[in-house]
Amino acid sequence: MLDKTYDPKEIEARRYPEWEQGGAFRAHPTPGKPPYCIVIPPPNVTGSLHMGHALDNTLQDVLIRWRRMKGDDVLWQPGTDHAGIATQMVVVRNLEQEGIGLAVEGAATNDANKKLLNREEFLAKVWEWKAYSGGTITGQLRRLGASCDWSRERFTMDEGLSKAVLKVFVELYKEGLIYKDLRLVNWDPKMLTAISDLEVESREVKGHLWYFKYPIEGSPDEFIVVATTRPETMLGDTGIAVHPDDPKWKHLIGKHAVLPLVGRRIAIVGDEYSDPEKGSGAVKITPAHDFNDFEVGRRHDLEAINIFDKFARVNDKAPEKYRGLDRFEARKIVVAEMEELGLVEKIEPHTHAVPYGDRGGVPVEPFLTEQWYADAKKLAEAPLAAARDGRVKFVPERGREDFFRWMENIEPWCVSRQLWWGHQIPAWYGPDKKVFVALSEEEAKAEARAHYGKDVALERDPDVLDTWFSSALWPFSTLGWPDQTPELAKYYPTSTLVTGWDILFFWVARMMMMGLEFMRDVPFRKVYLHGIVRDSQGRKMSKSLGNSVDPVDMIEKYGADALRFSFLAHIHSGKDFKFSEQRTEGYRNFMNKIWNATRFSLTNLQDFKVPAEGTAAMPDKAQLTAFDQWIITKLGRTEKTVEEALEQDRFSDAATALYSFVWYEFCDWYIEFIKPVMNGPAGSEKQNTQLVLAQVLNRVMRLLHPFVPFISEELYQKLPIKGEACIVDKYPNTRNDRELLALGSDTAAYEVEILKEVISAIRNVRGENRISPAIKINVRVSPSDAKAQKVLLENRNAIVTMGRLENLDISAEGSLSKCAVVPVAVDGSQMQVIIPLEGLVDIDEEIKRIQKSVEKLNKDIAGLSGRLSNENFVKNAAEDVVEADRKMLEQNKAQLSSLQDALKRLQS
């Protein structure tokens, strides 16, 4: 027997090791079964599970468990990412707490006794940290129920993947698709590295807009006014841009200004980048420290002067008195000196977006530096073709349009980072800085020997590769490439990629580039994109707002299945997900409902005899009650809905269909309908109903398993009819186990729906009129046709029992005065449920009560209508607040209409 109370923590701790140790998650790359493969988006190796991970991996696990049960040879390839900058930052911070720093050239330190680590020593510390904390997130994924093939777990810096990374870099270099170039990058002056756009976060900052006057060459009394939010960068100005049609400034195009404080002669150029409506209409151009200025500078052949070093201190390209100053200190001095010269026209308060490094936490500096680049435009050609011809499908379809928009305007990909942790670039420099790119130092030395005619000392490039570079190889490197393994032959291309919309370009596009370049095929057939997880008010989760939710806390509190189902019942492809703890608690109640219904069923199946093997598993349809035929019909329809929804990646439709069937049809109605049979004497009717109950329970657990694996496996194992394990049993659909579904009946469905509607109407009247369930009442049902009347007469006992009636009159005759009247319609059959209220309630008091309720509802409706008609409220309020008000308004209107009808009947 089942325990009385559902204990998810105990069940989850016991069931997961059984699956994993029993080999239930393992793939079998041998011919026969069709392959189905998903590669996990590799989380940071030293990270912890967050709500985005929990959502993403729940969706993947549903697909994997479903496909496994469908009979596919399933591989869910797990692994973790070395996460260069994130991991290095964590280890550096830990070391700083121990009084240890890094021996970085040019870094200032105030502590002569501080121990400094060289690169080799630091990397040893990182590997120690990885060994210590690297299993945290994979353990948390297990808590969620992720059924990955952990025997194949990979790491982006393990030996095999490192081999793949080196081979790809070297081959791309030899093909001319990787090269060095001097370009602007996002530079983090705290982490001392270039960073990707994804590692930059925009923050609103209250600053100033300074209007500086630059004198015109040869006209000392004439000035052009430029507006800037970064006065310190004027030290690197090499031009001024004005719009060609700006009447205020266009007469100066072709002339020169003299840069104050520096004395440099700078050109005034006409360029449409300048907006006459913004600032002064003239823009100072600093090509080395602004991405837009860099492009203007290229169009007009302006010099790019980098005035900062890697620490964002003013370097020797600026006048001597500014050298060594921090950029913000230099700002103060530049402004003060411009004011002294009378060259500040005005200063305005100005709120603007400032890019910050998400790891270093300081403003990012656009920085002109030599880096390694991949020719993204060339590499994007094959992915664009694959997206156009449908070799890769995007869900939702608008993901394809966003993909095109980015890929068709792609810039060179900066693949180098100034870190110590990561894949060190396989490039060595000779005495004259000639570069030798090779798979190993030995190969580089051989190439150098051939070039110089002798052995020379080589120095390896200190930079490492962008983390996204190794992640771009994930779909084929994890399967063994560059070796030709059975896994690579069986599972590549992979089937589906599930990932967040935010990394469509940073990861998805680059995997397509590398897959098509090195495997000559797409890395996956379908990309399912979801949004980010927000709080219940639609706000982005953040520590500063205090609205972050730890998924492990939710698992501890409500169980993994409840958390999973809270995602699945409300996820829509491409849209952000609003998380609600209250909703999760509600799905914990759903788990309790499943548990209690199964417990009741098993109690009533104790004397059930499982049909012997070789005998007919199911009786003839005529031997089943209408209730049995009805639940089979409902089950078949649910299986069809779930099957179609999963095929189309409509997770919420599948989950909602299951919830509705299990809670409302099976638990609330079927179990109630069959209680008289279960409580009656043994016989063929009871045995047949027990058989239907056992079969339906079996199929329900199998249907639920991909969504709520723990509770479904636990209950499945307790069933009288079961296989080896739910996780490896067949997934129910309308094409298998047809013997059971053939026993369904549309006629029985019609009959039972009439009973449900009539009984629901009786219960609703009881509730609305506060009639105690202990009081048996008189009810008249007035059917409009003989077909409905026949159903009512044949099921009189069920209506009397479940409606708790004293008497049931099935007749069209009778008064409606002082009665509650509820119309009911089922498949064209009309009827009225009529309940005399005299003697059950104090009519006068009930009229007063309803009148008060009507008055309050009218006030509430007026308030909600006024709020929702206010454009400012609808525009500025949180989306879920507006939606909640709209639903409340609809509910109040419906309740008002119902009460007004009740009032009329009581007053008649």
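Our structure is the block above this text.
Anyway, here's the lowdown on the structure attached to this text. What you see is a predicted model; the values in this text were computed from it and never measured.

## A closer look at the overall build of the protein chain
Alright, step 1. For the protein chain, the helix and strand inventory stands at 30 helices and 31 strands.
Alright, step 2. In terms of principal-axis extent, the alpha carbons of the protein chain reach across some 110 × 65 × 55 Å.
Alright, step 3. If you take every contact in the protein chain between residues at least 6 apart in sequence, the share linking residues at least 24 apart comes to 77%.
Alright, step 4. By element, 48% of the accessible surface of the protein chain is carried by carbon and sulfur atoms, the whole surface being about 40300 Å².
Alright, step 5. When the 119 basic and 135 acidic side-chain charges of the protein chain are each reduced to a single mean position, those positions are 3 Å apart.

## Re the pairing of strand 30 (residues 819-826)
Alright, step 1. Here strand 30 runs beside strand 31 (residues 829-836); their pairing, made up of eight bridges, is antiparallel. For cysteine 819, the partnering residue across the bridge sits in strand 31 and is proline 836.
Alright, step 2. Taking the residues that link successive antiparallel strands as the turn, the strand 30-strand 31 hairpin has two residues, and the phi of aspartate 827 there is positive, at about 45°.

## Here's the deal with helix 6 (residues 159-174)
Alright, step 1. For helix 6, with 16 residues, the first-to-last C-alpha span of 23 Å sits near the 22 Å given by 1.5 Å per residue.
Alright, step 2. Residues of helix 6 that are buried include every one of Leu161, Ser162, Ala164, Val165, Val168, Phe169, Val170 and Leu172, and no others.
Alright, step 3. Regarding helix 6, its N-cap is aspartate 158, as a side-chain oxygen of that residue lies 3.2 Å from the backbone nitrogen of glycine 160 further along.
Alright, step 4. Directly beyond the C-terminal end of helix 6, a positive phi value near 80° is found at glycine 176.

## A few points about empty space enclosed by the protein
Alright, step 1. Under the definition given, this model contains three cavities of 30 Å³ or more.
Alright, step 2. Roughly 90 Å³ of internal volume is contained in the largest cavity.
Alright, step 3. What lines the largest cavity is a set of 13 residues, among which Glu768, Asn769, Ile850, Ala902 and Arg905 lie closest to the centre.
Alright, step 4. Mapped onto the lining of the largest cavity, the elements with two or more residues apiece are strand 30, helix 28 (843-868) and helix 30 (879-907).

## A short note on the packing of helix 17 (residues 551-558) against helix 18 (residues 560-568)
Each pair of packed helices gets described by two things: the angle between the helix axes and the distance between those axes.
Alright, step 1. One can describe the packing of helix 17 onto helix 18 by two numbers: an axis separation of 7 Å at closest approach and a directional angle of 120°. Of the possible angle classes, the one that applies to helix 17 and helix 18 is oblique. Judged by residue contacts, Pro551, Met554, Ile555 and Tyr558 of helix 17 engage Ala560, Ala562 and Leu563 from helix 18.

## What about the packing of aromatic side chains?
Alright, step 1. What the rule picks out here adds up to 39 aromatic pairs.
Alright, step 2. Ring plane angle 35° and centroid distance 5.3 Å describe the contact between tryptophan 19 and phenylalanine 710, whose orientation is recorded as tilted. Taken together, the residues tryptophan 19 in helix 1 (residues 8-21) and phenylalanine 710 in helix 23 (residues 709-716) connect sequence positions 691 residues apart.
Alright, step 3. When its relative accessible area of 1% is taken as the criterion, phenylalanine 710 is described as buried.
Alright, step 4. Geometrically, the ring pair formed by tryptophan 187 and phenylalanine 367 is tilted, given 5.0 Å between the ring centres and 40° between the ring planes. Residue tryptophan 187 is located in strand 7 (residues 178-188), and its partner phenylalanine 367 is located in strand 16 (residues 365-374); the two are separated by 180 residues in the primary sequence. When sorted by exposure, tryptophan 187 lands in the same class as phenylalanine 367, which is buried.
Alright, step 5. Grouping aromatic residues by their ring pairs yields a cluster made of Phe565, Tyr587, Phe590, Tyr659, Trp663 and Tyr664.
Alright, step 6. In this structure, lysine 346 is placed above the aromatic ring of tyrosine 211, and the distance from its NZ or CZ to the ring centre is 4.5 Å.

## Quick notes on the pattern of salt bridges
Alright, step 1. A complete count under the given rule lists 63 salt bridges for this structure.
Alright, step 2. The closest approach of N and O atoms between arginine 143 and glutamate 556, which form a salt bridge, is 2.9 Å. Linking arginine 143 in helix 5 (residues 136-144) with glutamate 556 in helix 17, this pair joins segments that are 413 residues apart in sequence.
Alright, step 3. Relative accessible area serves as the criterion here: at 28%, arginine 143 is assigned to the partly exposed category.
Alright, step 4. Look at the salt bridges and you will find they share partners, linking Glu10, Arg14, Arg15, Glu18 and Glu714 into a network.

## Focus: the packing of helix 25 (residues 746-768) against helix 26 (residues 786-794)
Alright, step 1. Here helix 25 crosses helix 26 at 75°, and the two axes come no closer than 10 Å. Classified by the interaxial angle, the pair formed by helix 25 and helix 26 is roughly perpendicular. Contacts from Tyr750, Glu751, Ile754, Leu755 and Val758 in helix 25 reach Lys787, Ala788, Val791 and Leu792 in helix 26.
Alright, step 2. Residue composition of the contact of helix 25 with helix 26, grouped by class: seven nonpolar, no polar and two charged.

## A closer look at the sheet that holds strand 25 (residues 524-530)
The strands making up a sheet are joined through hydrogen bonds of the backbone, oriented either antiparallel or parallel.
Alright, step 1. Overall, parallel pairing links the three strands, which are arranged 17-25-24 in an open sheet. Both edges of this open sheet fall to strand 17 (393-395) and strand 24 (494-500), since each of them pairs with a single strand only. Mean inter-strand twist for the sheet, computed between neighbouring axes without regard to direction, equals 20°.
Alright, step 2. Pairing of strand 24 with strand 25, which is carried by six bridges, proceeds in the parallel orientation. Each residue of the ladder has a partner; that of valine 498, found in strand 25, is tyrosine 528.
Alright, step 3. The strands that helix 2 (residues 51-70) touches are strand 24 and strand 25; relative to strand 24, the one it contacts most, it runs at about 160°.

## Re the nonpolar core
Buried together is how nonpolar side chains tend to be arranged in soluble globular proteins.
Alright, step 1. Judged by nonpolar contacts, the single largest core of 219 residues is most densely connected at Phe469, Met514, Phe565, Phe666 and Phe707.
Alright, step 2. It is helix 21 (residues 651-678) that contributes the most residues to this core, 17 residues altogether.
Alright, step 3. Every residue in contact with phenylalanine 666, bar those within four places of it in the chain, is listed here: Ala597, Ser601, Ile631, Phe661, Ile671, Leu693, Val696 and Leu697.
Alright, step 4. Residues Val242, Ile305, Phe367 and Tyr373 belong to the second largest nonpolar core, which totals 42 residues.

## Some remarks on the environment of serine 542
Alright, step 1. Relative to the assigned elements, serine 542 resides in the loop between strand 26 (533-534) and helix 17.
Alright, step 2. Judged by its relative accessible area of 21%, serine 542 falls in the partly exposed class.
Alright, step 3. With sequence-adjacent residues up to four places away left out, serine 542 is seen in contact with Asn547 and Ser548.

## Here we look at the sheet that holds strand 8 (residues 193-195)
Alright, step 1. Pairing is antiparallel in the open sheet, where four strands are placed in the order 8-7-16-18. Looking at the sheet topology across the chains shown, the edges are occupied by strand 8 and strand 18 (413-414).
Alright, step 2. Relative to strand 16, strand 7 is paired through 10 bridges, and the arrangement is antiparallel. Looking across to strand 16, one finds that lysine 180 is bridged to tryptophan 372.
Alright, step 3. Taken strand by strand, helix 7 (residues 291-300) contacts strand 7 and strand 16, and its axis lies near 140° from that of strand 7.

## Brief notes about the side chain of aspartate 561
Alright, step 1. If you trace the backbone, aspartate 561 turns up in helix 18.
Alright, step 2. Despite its burial, aspartate 561 pairs with no opposite charge; the closest candidate is arginine 564, at 4.6 Å N-O.
Alright, step 3. One polar contact links the side chain of aspartate 561 to the main-chain amide nitrogen of phenylalanine 710, over a distance of 3.4 Å.
Alright, step 4. Among all residues touching aspartate 561, those that are not within four sequence positions of it are Tyr6, Glu12, Met591, Val708, Pro709, Phe710 and Ile711.

## Considerations on helix 20 (residues 626-647)
Alright, step 1. A rise of 1.5 Å per residue sets the reference length of helix 20, with its 22 residues, at 32 Å; its end C-alpha atoms lie 32 Å apart and thus fit the reference within 8%.
Alright, step 2. Directly beyond the C-terminal end of helix 20, a positive phi value near 60° is found at aspartate 649.

The rules behind these values
- Residues numbered from 1 in each chain as written.
- Predicted model: local features only at pLDDT ≥ 70, side-chain atom pairs only at ≥ 80, totals over all residues.
- Heavy atoms only, no water.
- Helix = DSSP H or I, 4+ residues; strand = E, 2+ residues; numbered from the N terminus.
- Contact = heavy atoms within 4.5 Å.
- Areas by Shrake-Rupley, 256 points an atom, 1.4 Å probe, with all protein chains shown as cover.
- Lys, Arg positive; Asp, Glu negative; His and termini not counted.
- Charge placed at Lys NZ, Arg CZ, Asp CG, Glu CD.
- Pairing = 2+ DSSP bridges.
- Expected span 1.5 Å × (residues − 1).
- Buried < 20%, exposed > 50% of the residue type's maximum accessible area, 1.4 Å probe, protein only.
- Polar contact = N/O pair within 3.5 Å; in protein donor to acceptor, adjacent residues only side chain to side chain.
- 1 Å grid on protein atoms, 1.4 Å probe; cavity = no way out; pocket = protein on both sides within 12 Å on 5 of 7 lines; lining within 4 Å.
- Points joined across faces, edges and corners; volume = space filled by probe spheres on them.
- Axes fitted to C-alpha atoms, helices over the stretch in contact; angles between N-to-C directions.
- Parallel < 35°, antiparallel > 145°, perpendicular 65-115°, else oblique.
- Phe/Tyr/Trp six-rings, centres within 6.5 Å; stacked < 30°, edge-to-face > 60°.
- Lys NZ or Arg CZ within 6 Å of the ring centre and 35° of its normal.
- Salt bridge = Lys/Arg side-chain N within 4 Å of Asp/Glu carboxyl O.
- Nonpolar A, V, L, I, M, F, W, Y, C, P; charged D, E, K, R; others polar.
- Core = buried A, V, L, I, M, F, W, Y, C linked by side-chain atoms within 4.5 Å.

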